[in-house]
Protein chains: 2
Amino acid sequence: MSKWYLNPGSNDDIVLSTRIRLARNLSSLPFQSRMTPEQKKELCQKVRAALQGVNLGDNKLSFIEMNSLSDTQRLALVETHTISPEFMDSPENKLLVLSKDEDISIMVGEEDHIRIQVMRSGLELNDALKTADLLDNVLDETLDYAFSEQLGFLTACPTNLGTGLRASVMLHLPALEQAGAINQLASTISKLGLTIRGTYGEGSDAKGAQYQISNQITLGISEEMAVQNLQSMVEQVIAQEKNARKAVWPQPMRLEDIVWRSLGLLQNARMISGKEAEELLSYLRLGVSMGILPGVTVQTLNGLSTKIGAGALCRDSKKNLSPDERDEKRAAVLRQELQTAGRT
Amino acid sequence: MSKWYLNPGSNDDIVLSTRIRLARNLSSLPFQSRMTPEQKKELCQKVRAALQGVNLGDNKLSFIEMNSLSDTQRLALVETHTISPEFMDSPENKLLVLSKDEDISIMVGEEDHIRIQVMRSGLELNDALKTADLLDNVLDETLDYAFSEQLGFLTACPTNLGTGLRASVMLHLPALEQAGAINQLASTISKLGLTIRGTYGEGSDAKGAQYQISNQITLGISEEMAVQNLQSMVEQVIAQEKNARKAVWPQPMRLEDIVWRSLGLLQNARMISGKEAEELLSYLRLGVSMGILPGVTVQTLNGLSTKIGAGALCRDSKKNLSPDERDEKRAAVLRQELQTAGRT
């Protein structure tokens, strides 16, 4: 039981996670939106077969029919970013290939035929890309990828055409957010072919000061160059966030007060909404990162985030909870998991 | 070291304290506002001499010249209601007679020559009156009280004329406050010759939902009758508050959430204002009263209230603290004193 989000990673005091996603399609089948149910089944079988030989050591792959999961199980997978929100709906003839550590998830039957996704804790773009490429090569051995010498990989949406690569880094930027600096940052970033967004991707709000920076351009640029651009921009943002923390909270006692109060509420609340929990956990993360809070690590917080979403709470309670019941259960989980936080 | 506020008392889940105050003047001296410094000194000496023979067992009396105390020491005495705010100013030729348990305080040189004050935890009007009468009798033996057969005791302000008695009960009324029922209560109470006010007496705001109910009428009514009227009104208010608690917080979990969150903030804050602390302690008191919160008693809370006022914090730190320093020190005291609160 060593899930990827419980591992340490580079700069994991500010970078929550790294994700590499490769979009691939088979030339022998029409794009997803035009496929018949039979063709969808055929696709799933082909991917399953192609992955039989892959060797990932202990990190074994499981093959999960999406329609074998309950609504709340699928929602919980969205909450951990294991699958996309789009992949959750209409689960017929969709296959999820998931590794034991949950760092590898291959969605078969999303917008593209195949979406290879690799997650890492902290800023680990190259390591994630290496694993994604390994899986890509295994699939490429037996599957006939839709590929054009001129355009590269063909994808359902033209924004993915070329490398089919989306590299994303999730950052915790409470000080830049507090300073109102996110819009300025977004404008700078967009000039470099990158984009910054809220937690669940395009158009979504930031949750607990978590922002995702990812590459926009997939055409006319190599995988390596795209990843390198992103890496250097993320490093700059990390430095900016660290500077902003000194400017936004010049009096250490004021920040300590906010962090400890957040812990006090999380350790004692009997009912708590998801939104409030994320906001308070954001301050805890800041406190851990700034060396204020003993007895808790960013890994604890990473693990906790996977347990307090509406889907995860219903899944773990094995029943559909009302909003009030969810708030009670969420508060109970937080009290339990943060029991020793703050103690030296 | 058993201060009066650390003792249990009747209905002490809702009644914080009972106070009896008797106003007395000597016929041989003009009223306080017209006295020369020499006459004030003479008054202090007379009271001192008159109290030499009193026997209160272990609860020995101390004689404290008010000008021997620092500003913060005097302020701390106001915060615990040991002296009146008026008695704090112009400390020359004012004498405080204070018992070891701090339940008896005799102010010499307040608005009236002598103000005998007796405090009790909970609703203990008769017991407090008994002790006040004992002291009154001792003083009466050697001093020549200003007394008229027709009017009773003569006082500086006509509102005290007659018995010179002010009997007050401090109640914790969070539910009636929350329900917006205090104004209605005030109107009912005033028709019965009683009054309800905020924490530090007339014109002051309620602090942490604490309200003082006291008698208004001193003329044409016996001490016993005044106290009995107050007793029966307070008993009605206690019943009303208990009913209101069920109506205001019909869902136990919502109230538990408020109580535990208050504890979480008090146990973790690094800076806290006096106002916020009193508000949160009010919820703690409610939690103790409702059986929600283990590991803490109303006596703990009573004791705590005497330690977190601006005067008490400066006195105990032995220096003048800035507002920020006071907020830090107050937070530290609260963390220390509430360490085990909430634990079973």
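Note that the coordinates shown come from a computational prediction; the quantities given were computed from them, not determined experimentally.

Engineer: Tell me what's going on with the pairing of strand 4 (residues 104-108) of chain A, and back it up with residues and numbers.
Structural biologist: Residue and element names in this part refer to chain A. A large share of strand 4 lies buried, amounting to 5 of its 5 residues. By the alternation rule, side chains of strand 4 split into Ile104, Ile106 and Val108 and Ser105 and Met107, which are all buried. In this structure, strand 3 (residues 95-99) lies alongside strand 4, joined through 4 bridges in antiparallel fashion. Paired with valine 97 across the strands is isoleucine 106, a residue of strand 4. Linking strand 3 to strand 4, which pair antiparallel, is a turn of 4 residues; within it glutamate 102 sits at a positive phi near 65°. Across 5 bridges, strand 4 lies against strand 5 (residues 114-121) in antiparallel orientation. Looking at the pairing, isoleucine 106 lines up with isoleucine 116 of strand 5. Two successive antiparallel strands, strand 4 and strand 5, enclose a turn made up of 5 residues, where glycine 109 displays a positive phi of approximately 100°.

Engineer: Help me get a handle on helix 1 (residues 37-50) of chain A, residues and values and all.
Structural biologist: Residue and element names in this part refer to chain A. Here helix 1 is 14 residues long and its end C-alpha atoms lie 20 Å apart, about the 20 Å a rise of 1.5 Å per residue gives. Turning to helix 1, its buried residues are Leu43, Cys44, Val47 and Ala50. Across the axial projection of helix 1, the buried residues extend over an arc of 135°, all falling on one side. Pointing more than 90 degrees away from the buried face of helix 1 are the exposed residues Glu38 and Gln45.

Engineer: Which residues make up the relation of the copies chain A and chain B, and what are the values?
Structural biologist: Mapping chain A onto chain B calls for a rotation angle of 180° and an axial translation of 0.1 Å; the resulting RMSD is 0.0 Å. The symmetry that links the two subunits is that of a two-fold axis. In terms of proximity to the rotation axis, the leading residue of chain A is glycine 264 of chain A, whose C-alpha is 2.0 Å off the axis. Interface overlap between copies: 100% of the residues of chain A at the interface are likewise at the interface in chain B, consistent with a symmetric, same-surface contact.

Engineer: Account for the interface of chain A and chain B, with residues named and values stated.
Structural biologist: Bring the parts together and some accessible area is lost; that lost area is often taken as the interface size. Chain A puts 19 residues into the contact, and the matching count from chain B is 19 residues. Summing the contributions of chain A and of chain B, the shared interface buries around 1,800 Å²; its carbon and sulfur component is 53%. Taken together, chain A and chain B are joined by 4 salt bridges. Among the salt bridges present, the one from glutamate 276 of chain B reaches arginine 261 of chain A, with a minimum N-O distance of 2.8 Å. Ranked by the residues each element gives to the side of chain A that touches chain B, the list is headed by helix 8 (residues 252-268) of chain A, at 11 residues. Taken together, the residues of the side of chain A that touches chain B sort by class into 7 nonpolar, 4 polar and 8 charged.

Engineer: Report on empty space enclosed by the protein, specifying residues and quantitative values.
Structural biologist: Counted by the stated rule, this structure contains 6 cavities of 30 Å³ or more. The computed volume of the largest cavity comes to approximately 310 Å³. If you trace the largest cavity, you find 21 residues lining it, with Trp4, Leu16, Ser17, His81 and Gln210 of chain B closest to the centre. Per element, the largest residue contribution to the lining of the largest cavity is 4 residues, and it comes from strand 1 (residues 15-24) of chain B. For the second largest cavity, the calculated volume is near 230 Å³. Along the walls of the second largest cavity sit 14 residues, with Trp4, Leu16, His81, Asn302 and Ser305 of chain A positioned nearest its centre. Sorting the residues of the lining of the second largest cavity by element identifies strand 1 (15-24) and helix 10 (298-305) of chain A as the ones contributing at least two each. Looking at the lining of the second largest cavity residue by residue, the class counts come to 5 nonpolar, 7 polar and 2 charged.

Engineer: Break down the environment of isoleucine 272 of chain A for me, with residues and values.
Structural biologist: Considering the arrangement of structural elements, one finds isoleucine 272 of chain A in the loop between helix 8 and helix 9 (274-289). For isoleucine 272 of chain A, a relative accessible area of 2% corresponds to the buried category. Between the alpha carbons of isoleucine 272 of chain A and leucine 293 of chain A there is a distance of 21 Å; along the sequence they are 21 residues apart. Isoleucine 272 of chain A has contacts with Leu266, Ala277, Leu280, Asp327, Arg330, Ala331 and Leu334 of chain A together with Arg261 of chain B, leaving out every residue within four places of it along the chain.

Engineer: Describe the sheet that holds strand 4 of chain A, naming the residues involved and giving the relevant values.
Structural biologist: Residues and elements named next belong to chain A. Taken in spatial order, the 8 strands line up as 2-3-4-5-1-8-10-9 in an open sheet, and their pairing is antiparallel. Edge positions in the sheet fall to strand 2 (61-65) and strand 9 (194-197), since each of these pairs with one other strand and no more. Sheet twist, expressed as the mean angle between neighbouring strand axes with direction ignored, is 20°. Pairing between strand 2 and strand 3: 5 bridges, direction antiparallel. Considered in strand 3, the bridge of isoleucine 64 is made with leucine 96.

Engineer: Summarise the sheet that holds strand 2 (residues 61-65) of chain B; cite the residues concerned and give the values.
Structural biologist: Residue and element names in this part refer to chain B. Strand order in the open sheet formed by 8 strands is 2-3-4-5-1-8-10-9, with antiparallel pairing between adjacent strands. The strands lining the two open edges of the sheet, one partner per strand, are strand 2 and strand 9 (194-197). Between one strand axis and the next, the sheet turns through 20° on average, direction left out of account.

Engineer: Before we move on, can you summarise the packing of helix 11 (residues 310-317) of chain B against helix 12 (residues 323-337) of chain B with the specific residues and values?
Structural biologist: Residues and elements named next belong to chain B. At a minimum axis distance of 10 Å, the contact between helix 11 and helix 12 shows a crossing angle of 85°. Classified by the interaxial angle, the pair formed by helix 11 and helix 12 is roughly perpendicular. Mapping the contact onto sequence places Ala310, Leu313, Cys314 and Ser317 in helix 11 and Arg326, Lys329, Arg330 and Val333 in helix 12. Class assignment for the residues of the contact of helix 11 with helix 12 results in 4 nonpolar, 1 polar and 3 charged.

Engineer: Pulling in residues and values, what's your account of the packing of aromatic side chains?
Structural biologist: The final tally for this structure, using the stated rule, is 6 aromatic pairs over all chains. Plain terms: the ring middles of phenylalanine 147 of chain A and phenylalanine 153 of chain A are 4.9 Å apart, the flat faces sit at 70° to each other, and that makes the pair edge-to-face. By relative accessible area, phenylalanine 147 of chain A is classed as partly exposed at 43%. An aromatic cluster is present here, built from Tyr145, Phe147 and Phe153 of chain A joined pairwise through their rings. A cation over an aromatic ring shows up here: arginine 24 of chain A above the ring of phenylalanine 153 of chain A, its NZ or CZ 3.5 Å from the ring centre. Lying over the aromatic face of tryptophan 260 of chain B, arginine 270 of chain A brings its terminal NZ or CZ to 3.9 Å of the ring centre.

Criteria and thresholds
Residues numbered from 1 in each chain as written. Chains lettered and ligands numbered in written order. Predicted model: local features only at pLDDT ≥ 70, side-chain atom pairs only at ≥ 80, totals over all residues. Heavy atoms only, no water. Buried < 20%, exposed > 50% of the residue type's maximum accessible area, 1.4 Å probe, protein only. Helix = DSSP H or I, 4+ residues; strand = E, 2+ residues; numbered from the N terminus. Pairing = 2+ DSSP bridges. Expected span 1.5 Å × (residues − 1). Arc of directions from axis to C-beta. Least-squares fit on C-alpha atoms with pLDDT ≥ 70 in both. Contact = heavy atoms within 4.5 Å. Buried area = accessible area lost by both parts, 1.4 Å probe. Salt bridge = Lys/Arg side-chain N within 4 Å of Asp/Glu carboxyl O. Nonpolar A, V, L, I, M, F, W, Y, C, P; charged D, E, K, R; others polar. 1 Å grid on protein atoms, 1.4 Å probe; cavity = no way out; pocket = protein on both sides within 12 Å on 5 of 7 lines; lining within 4 Å. Points joined across faces, edges and corners; volume = space filled by probe spheres on them. Axes fitted to C-alpha atoms, helices over the stretch in contact; angles between N-to-C directions. Parallel < 35°, antiparallel > 145°, perpendicular 65-115°, else oblique. Phe/Tyr/Trp six-rings, centres within 6.5 Å; stacked < 30°, edge-to-face > 60°. Lys NZ or Arg CZ within 6 Å of the ring centre and 35° of its normal.

The values reported here are purely geometric and, on their own, carry no functional implication.
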